[in-house]
Amino acid sequence: MILGNRGGDMDKAVEQAVYRVIRSMRESLGEPLTIDDLARTAMFSKFHFSRIFQRVTGLSPGKFLSAMRLQEAKKLLVSTSLNVIDISHRVGYNSVGTFSTRFTSSVGVPPTTFRRHGGFVPQIAVDNQCDAASSPSATVSGFISAPDTPLGHTFIGLFPQQIPEGRPVSCTVLERPGPYLLDKVPGGSWFLLVHALPPGVVDEPSARGVRPYVLRHGPVEVRDDGETALPELVLRPLRLLDPPVLLALQDIRSTARRIVEARARAQGHGFGPTAPADPGVGKPERGGRGGHRGAASRAPGNAARAARAA
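Just so it is clear, the structure is predicted and the values come from calculations on it, not from any experiment.

As a further point, take the nonpolar core. One finds Ile22, Met25, Phe53, Phe99, Phe103 and Phe155 to be the most contacted residues of the largest nonpolar core, which totals 50 residues. Put simply, the parts of the chain that give this core at least two residues each are α1 (12-27), α2 (35-42), α3 (46-57), α4 (61-79), α5 (84-90), α6 (96-107), β2 (154-159) and β3 (170-174). Among the elements that take part in this core, α4 stands out by supplying eight residues, more than any other. If we ignore the near neighbours within four places in the chain, the residues touching Phe53 are Val18, Val21, Ile22, Met25, Gly58, Leu59, Ser60, Pro61 and Phe64. In terms of nonpolar packing, the next biggest core, distinct from the first, is built from 22 residues, Ile156, Val194, Tyr213 and Leu233 among them.

With 16 residues, α1 should reach 22 Å at 1.5 Å per residue; the first-to-last C-alpha distance of 23 Å fits that figure. Summarising the contacts, the buried residues of α1 are in contact with α2, α3 and α4.

This part takes up the pairing of β3. Most of β3 is tucked away: five of the five residues are buried. Side-chain alternation along β3 places Ser170, Thr172 and Leu174 on one buried face and Cys171 and Val173 on a second face that is also buried. Bridge count between β2 and β3: five bridges; the pairing is antiparallel. By the bridge assignment, Ile156 is partnered in β3 with Thr172.

Here we come to the sheet that holds β2. Where strands meet in a sheet, backbone hydrogen bonds hold them as pairs that are either parallel or antiparallel. A sheet is described by the order of its strands in space; here five strands give the open sequence β3-β2-β5-β6-β9, paired in antiparallel fashion. Looking at which strands have only one partner, the edges of the open sheet turn out to be β3 and β9 (236-237). Where strand β5 (residues 188-196) and strand β6 (residues 213-222) come together, eight bridges link them in antiparallel fashion. Each bridged residue has a counterpart across the sheet, and for Ala196 the counterpart in β6 is Tyr213.

Put simply, α1 and α4 touch, their axes get as near as 10 Å, and they point 40 degrees apart. Viewed along their axes, α1 and α4 adopt a mutual orientation that is oblique. For the element pair α1 and α4, the recorded crossing hand is right-handed. Between α1 and α4, the residues in contact are Ile22, Met25 and Arg26 and Pro61, Phe64, Leu65 and Met68, respectively. Looking at side-chain class alone, the contact of α1 with α4 contains six nonpolar, no polar and one charged residues.

To continue, consider α2. Within α2 the residues assigned to the buried category are Leu38, Ala39 and Ala42. End-on, the buried residues of α2 take up no more than an arc of 100 degrees, which puts them together on one face. Where α2 terminates, the next one or two residues include Met43, which has phi positive at roughly 65 degrees.

Here the focus is the confidence of the model for the chain. Mean pLDDT for the chain: 79, with 72% of residues reaching 70 or above. Between residues 1-9, whose pLDDT stays under 50, and residues either more than four places distant or in other chains, the model counts 19 contacts. Confidence over residues 271-284 falls short of pLDDT 50; this stretch has 38 contacts with residues more than four positions distant or in other chains.

Scanning the model with the defined rule gives six salt bridges in all. Among the ionic pairs, Lys63 bridges to Glu165, the shortest N-O distance being 2.6 Å. In this pair, Lys63 sits in helix α4 while Glu165 sits in the loop between β2 and β3, placing the two residues 102 residues apart along the sequence. On the basis of relative accessible area, Lys63 is assigned to the partly exposed category, the value being 28%. A residue is classified by how much of its surface remains accessible, and Glu165, at 12% relative accessible area, is buried. Asp242 is the partner of Arg216 in a salt bridge, and the nearest nitrogen-oxygen pair spans 3.7 Å. One end of the pair, Arg216, is in strand β6; the other, Asp242, is in the loop between β9 and α9 (252-268), and 26 residues separate them in sequence. On the basis of relative accessible area, Arg216 is assigned to the buried category, the value being 6%. Through salt bridges with shared partners, a single network forms among Arg216, Arg236, Arg239 and Asp242.

Conventions adopted
Residues numbered from 1 in each chain as written. Predicted model: local features only at pLDDT ≥ 70, side-chain atom pairs only at ≥ 80, totals over all residues. Heavy atoms only, no water. Core = buried A, V, L, I, M, F, W, Y, C linked by side-chain atoms within 4.5 Å. Buried < 20%, exposed > 50% of the residue type's maximum accessible area, 1.4 Å probe, protein only. Helix = DSSP H or I, 4+ residues; strand = E, 2+ residues; numbered from the N terminus. Contact = heavy atoms within 4.5 Å. Expected span 1.5 Å × (residues − 1). Pairing = 2+ DSSP bridges. Axes fitted to C-alpha atoms, helices over the stretch in contact; angles between N-to-C directions. Parallel < 35°, antiparallel > 145°, perpendicular 65-115°, else oblique. Left-handed = near helix turned anticlockwise from the far one by under 90°. Nonpolar A, V, L, I, M, F, W, Y, C, P; charged D, E, K, R; others polar. Arc of directions from axis to C-beta. pLDDT = per-residue confidence, 0-100. Salt bridge = Lys/Arg side-chain N within 4 Å of Asp/Glu carboxyl O.

As structure tokens, then:
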């Protein structure tokens, strides 16, 4: 099931009702909105409203509203000089402590760290809570296609929910859309979430009005020690119905430095001619529980697509 593809058979009245609610959320992020308030905006009973909202967006109304508040906080942190207390109040939190805790849990770093790094992090941390019980060695591979719009650095991660927040169980960053390989994946049911930015974007995209491209696919069932090959998936522009991308993405400048350093090391060991000229095109980036590592390995079944992308 590809979650991003709504299809032409969706009830237009239901979709428009959800649009109205999301616009109302956006205009009232600092207000104490309730499910009753949102259901009245949608013109449905609150029980029916909650079901249709989750069917359309993949999240409950409360979870979606919380994500929008944190996304606005991300934007304010990198585009204004407001302090954290003022920002927390602007996005509907009465307690700065509660705001900081939720921001850190969802974005991956505290608000002050997020601001200091300009909306990105040097490296994405992964969830290693199951390492003590097992040594996951399953892999997930596939190919990410881009539309005609040129796109640059592309984050790919596996998450337990339909929203990119917190720590992925495995992830990688490509220089551009193409073949990928996620390794050290624990067995379980995960959602593949992908986020790509236009070339050259080096600060928090929502602060500049940049329209990222995304896709959501899942649930992906992964067996311990198994190999899961996913179908080719196509990125599309982020829409109002999509949950915000809360995870602080990796700084492409630090990624570029690591790529340059890896090439220099390869050349120093006499492997210069075989070092990948452009990781993410022709060969997939190998991800895993250590985050982006810059190592290249061919994903099963992607040779033809890799040749086409090169």
